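As a plain string of letters, each chain reads:
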Amino acid sequence: MTKQESIRHIQQQIKEIEDMEGLNKDHPRFKGWLEKSIAIIKSIENLAPKYLKDFVNLPFHAMRLNLGCNPPSDPHDISRYREDIHIAKTILESIVDQLKLRKD
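Keep in mind the model is a prediction, meaning the values are calculated, not measured. (Residues numbered from 1 in each chain as written. Predicted model: local features only at pLDDT ≥ 70, side-chain atom pairs only at ≥ 80, totals over all residues. Heavy atoms only, no water.)

S.K.: Can you walk me through the overall build of the protein in this structure?
M.R.: Within the protein, the regular secondary structure consists of four helices and zero strands. Ordering the α and β elements of the protein from the N terminus gives α-α-α-α. The buried share of the protein, taken over its 104 residues, is 36%. With an accessible surface of roughly 6,500 Å², the protein has 51% of that area assigned to carbon and sulfur atoms. (Helix = DSSP H or I, 4+ residues; strand = E, 2+ residues; numbered from the N terminus. Buried < 20%, exposed > 50% of the residue type's maximum accessible area, 1.4 Å probe, protein only. Areas by Shrake-Rupley, 256 points an atom, 1.4 Å probe, with all protein chains shown as cover.)

Rendered as structure tokens:
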């Protein structure tokens, strides 16, 4: 994947974050987004391993599984999950910044 393709794919994942905020970690859309994000990060050559490690280690565990994949009702769970989503966005934005700085 070229640098420009990587940037485009990461930016698409960033755009989709807004849609993930109301879901829980077991929702199929969230799982798909997370798996795709990890695959994209893994495919980027010469990227510092810290980015992948930090992204993969985001817990997203604060969301409790609710029947029907509905958002949780506990405000603390919602807050913790949104924090993790925000951190994920920050990591993805940092990857884009690093790619833009590359001279290749």
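Let us keep going from here.
S.K.: Could you clarify how one ought to interpret the nonpolar core in this entry?
M.R.: Within soluble globular proteins, side chains that are nonpolar generally end up buried alongside one another. Grouped together as the largest cluster of nonpolar side chains are 26 residues, with contacts concentrated most on I10, F30, W33, F55, F60, L92 and I95. If you list the elements that add at least two residues to this core, you get helix 1 (3-20), helix 2 (28-43), helix 3 (49-56) and helix 4 (75-101). Top contributing element to this core by residue count: helix 4, with eight residues. Those residues in contact with F55 that sit more than four places away from it in its chain are W33, L34, S37, I38, I41, A88, I91 and L92. (Core = buried A, V, L, I, M, F, W, Y, C linked by side-chain atoms within 4.5 Å. Contact = heavy atoms within 4.5 Å.)

S.K.: I'm lost on the packing of helix 2 against helix 3 in this one. Help?
M.R.: At their nearest, the axes of helix 2 and helix 3 sit 10 Å apart, and the two run at 170° to each other. Between helix 2 and helix 3, the crossing angle belongs to the class labelled roughly antiparallel. For the crossing formed where helix 2 meets helix 3, the hand is left-handed. Contact residues: W33, L34, S37, I38, I41 and K42 in helix 2; L52, F55 and V56 in helix 3. Broken down by class, the residue content of the contact of helix 2 with helix 3 amounts to seven nonpolar, one polar and one charged. (Axes fitted to C-alpha atoms, helices over the stretch in contact; angles between N-to-C directions. Parallel < 35°, antiparallel > 145°, perpendicular 65-115°, else oblique. Left-handed = near helix turned anticlockwise from the far one by under 90°. Nonpolar A, V, L, I, M, F, W, Y, C, P; charged D, E, K, R; others polar.)

S.K.: Please explain the pattern of salt bridges as it appears in this structure.
M.R.: Where charged atoms from two side chains of opposite charge approach closely, those side chains can pair. Applying the stated criterion to the full structure yields two salt bridges. As a salt-bridge pair, D19 and R29 come within 3.7 Å of each other at their nearest N and O atoms. Highlighted residues: D19 in helix 1 and R29 in helix 2, separated in sequence by 10 residues. The exposure class of R29 is partly exposed, given its relative accessible area of 44%. A salt bridge links D54 to K50; its shortest N-O distance comes to 2.5 Å. With a gap of four residues between them, D54 and K50 both fall in helix 3, about one helical turn apart. (Salt bridge = Lys/Arg side-chain N within 4 Å of Asp/Glu carboxyl O.)

S.K.: Help me understand the environment of L92, please; the structure alone is not making it clear to me.
M.R.: Relative to the elements of secondary structure, L92 occurs in helix 4. Sequence-wise, L92 and S37 are 55 residues apart; in three dimensions their C-alpha atoms are separated by 8.6 Å. Residues in contact with L92, not counting those within four places in the same chain, are I10, Q13, I14, I17, W33, I41 and F55.

Read these as spatial facts, not as claims about activity.
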